[in-house]
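Descriptive structure summary
Spelled out, the chains give:
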Amino acid sequence: MDFELTKEQQMLKETVARFVDDQVIPLAPEIDVDGAFPEKNFRAMAELGLFGMSIPEAYGGSGTDLLSCVLVMEELGRGCASTANTFGAHAVLCTENIYRNGSEEQRRKYLPGLIAGEKIGAIAITEPGAGSDATSMTTRAERKGDVYILNGTKMFITNGPVADVIVAYAKTNPAAGPRGITAFILEKDFPGFSRGKSLKKMGVRGSPTGELIFDNCEVPAVNVLGEENGGIRVLMNGLDRERIVYSICPIGVAQGAFDVAFKYASERVQFGQPIIGFQMIQEMIADMATDINAGRLVAYWAVSQAERGKRVRLEASYAKLFCSQAGLRVVDRAIQILGGYGFISEFPIERMYRDIKGIEFGAGTTQIQKLIIVRELMKTRG
Ligand SMILES: Cc1cc2nc3c(=O)[nH]c(=O)nc-3n(C[C@H](O)[C@H](O)[C@H](O)COP(=O)(O)OP(=O)(O)OC[C@H]3O[C@@H](n4cnc5c(N)ncnc54)[C@H](O)[C@@H]3O)c2cc1C
């Protein structure tokens, strides 16, 4: 198994790392305090061509591979989890979804604007009463002539307060359970669409999260994504890929925390010597570095399996589970190394501590990853 990056991947990683060092890291504290959409970073990501990486050039993308997308997510996470979360919802969950499942007409209509960053994308699955059990959603869509009428409320939608284009899921045949769900491409100006409250959060505050309300919202029938009652296929066919991309984000955050903690430990003098000389600090640093590198490996390994065309339900959940937990451990130790300074907002670690918890929930919680792992193991082991 070869984990060497190609020349193109290395160049992309270096370009994004420079952008993160020069712009994303300096803006991160302000984004956190203001709780505002990271507009400047969003524009810059569009200019760098990060929004259409897995999408062919014909639609404005750059047609790169999954690892490239993972490398970008990792670097963004290192600098600012809010910016990484915004990137994920826009580029991975919305834009790629429209590419994978959209008709030629839908691709031509929506992808260029999303890839150019002229439009902001979001995905709306979760509801106030339907989280992990997403298919129990109650948002209803009924066909009336050339339109569907949607009624219901979506909850926790990343980019929801600012999105122009939303992939939203609703029940078209409630009696059919998961097989009665349909995916729609919604525009913010469709009649009957409104935004509920923006949610105040513990972390990833610069990645706006909100409620979306469909009150007799009219969606043209041509905006069905995939087929009527085929929403579960739309939801599932990119989920493993999405999980792998999201899995690396906490490792990026952890790398950012490690960099700060290592430097601090080298400079902070107590008892007449830099604290990095103390074995208990060294132990934490060794554990942190091991967690980061193990997380990176499990995510890259999942990518390599996916790139070989394998079904990666299990690998994606291994990556998501391990990286979320490893990232939390690393940031916790980073706070410990900084002592009281880790707890105050002049240093970025307290923000990272709040942020990393917020990115654990997307693409399935820790418990849901464990359920998937056991379910998959039971299938293969009989
Ligand atoms: C910052 C943020 C951004 C988000 N962005 C989006 C978005 O863009 N689009 C979107 O659609 N959703 C989004 N979500 C929603 C996210 O997908 C859900 O929070 C997640 O699926 C969990 O649902 P829930 O919060 O309702 O928790 P629940 O499903 O109610 O779970 C509560 C607890 O019970 C556990 N649990 C649930 N079922 C089981 C089980 N069978 N066995 C054991 N434990 C279980 C969970 O792991 C959790 O610990 C976002 C959430 C957050 C916090």
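Criteria and cut-off values
- Residues numbered from 1 in each chain as written.
- Predicted model: local features only at pLDDT ≥ 70, side-chain atom pairs only at ≥ 80, totals over all residues.
- Domains from an automatic or database assignment.
- Contact = placed C-beta atoms within 7 Å.
- Helix = DSSP H or I, 4+ residues; strand = E, 2+ residues; numbered from the N terminus.
- Core = buried A, V, L, I, M, F, W, Y, C linked by C-beta atoms within 7 Å.
- Buried ≥ 20, exposed ≤ 12 C-beta atoms within 10 Å, placed from the backbone.
- Expected span 1.5 Å × (residues − 1).
- Near = placed C-beta within 6 Å.
- Nonpolar A, V, L, I, M, F, W, Y, C, P; charged D, E, K, R; others polar.
- Axes fitted to C-alpha atoms, helices over the stretch in contact; angles between N-to-C directions.
- Parallel < 35°, antiparallel > 145°, perpendicular 65-115°, else oblique.
- Pairing = 2+ DSSP bridges.

Right, let's get into the domain arrangement of the chain. What the domain assignment reports for the chain is domain 1 (7-119), domain 2 (122-229) and domain 3 (238-381). Each of domain 1 and domain 3 has a C-alpha centre, and these two points are 21 Å apart. On the side of domain 3, 24 residues touch domain 1, which itself brings 25 residues to the contact. Those elements that provide at least two residues to the side of domain 1 that touches domain 3 are helix H1 (7-34), helix H3 (66-79) and helix H4 (81-101).

Okay, the nonpolar core next. By size, the foremost hydrophobic cluster in this structure holds 113 residues, and its most contacted members are Phe184 and Ala299. Not counting the four nearest positions on each side in its chain, Phe184 is found in contact with Ala141, Tyr148, Ala168, Ala170, Val219, Asn223, Val224 and Leu225.

Let us look at unusual backbone geometry. You will see that Asn159, though not glycine, has its phi angle at about 70°, which is positive. Position of Asn159 relative to the elements: it lies in the loop between strand S3 (147-158) and strand S4 (165-171). Exposure remark for Asn159: the 27 C-beta atoms within 10 Å place this residue in the buried category. A positive phi angle is found at Asn216, which is not glycine, with a value near 50°. Summarising the element assignment, Asn216 is placed in strand S7 (residues 209-220).

We now examine helix H7 (residues 239-267). Relative to the 42 Å expected for 29 residues at 1.5 Å per residue, H7 spans 43 Å between its end C-alpha atoms, a close match to the ideal helical length. The buried count for H7 comes to 22 of 29 residues, which makes it a mostly enclosed element.

Turning our eyes to something else, we now look at the site of the ligand. With respect to spatial proximity, 20 residues lie near the ligand, and among them Gly131, Ser132, Thr158, Thr365 and Gln367 are the closest. Secondary-structure elements contributing two or more residues to the shell around the ligand are strand S1 (121-124), S3 and helix H11 (366-381). Residue composition of the shell around the ligand, grouped by class: eleven nonpolar, nine polar and no charged. For the shell around the ligand, the two domains that each supply at least three residues are domain 2 (122-229) and domain 3 (238-381).

What follows concerns the environment of Asn159. With 29 residues separating them along the chain, Asn159 and Lys188 place their C-alpha atoms 12 Å apart. Beyond its immediate sequence surroundings of up to four residues, Asn159 is in contact with Thr86, Ala89, His90, Ile120, Gly121, Ala122 and Pro208.

For the rest of this paragraph, the subject is the packing of H3 against H4. Contact geometry of H3 with H4 gives a least axis separation of 6 Å together with a crossing angle of 150°. In terms of axis orientation, H3 runs roughly antiparallel to H4. Of the residues in H4, those in contact with Cys69, Met73, Leu76, Gly77 and Gly79 of H3 are Ala81, Thr83, Ala84, Phe87, Gly88 and Val92. Each residue belonging to the contact of H3 with H4 can be placed in one class, and the counts come to seven nonpolar, four polar and no charged.

Once that is clear, we can look at the pairing of S3. Pairing between strand S2 (residues 140-144) and S3: five bridges, direction antiparallel. Residue pairing across strands places Ala141 opposite Leu150, the latter belonging to S3. Connecting the antiparallel pair S2 and S3 is a turn made up of two residues, with Gly145 showing a positive phi of about 65°.

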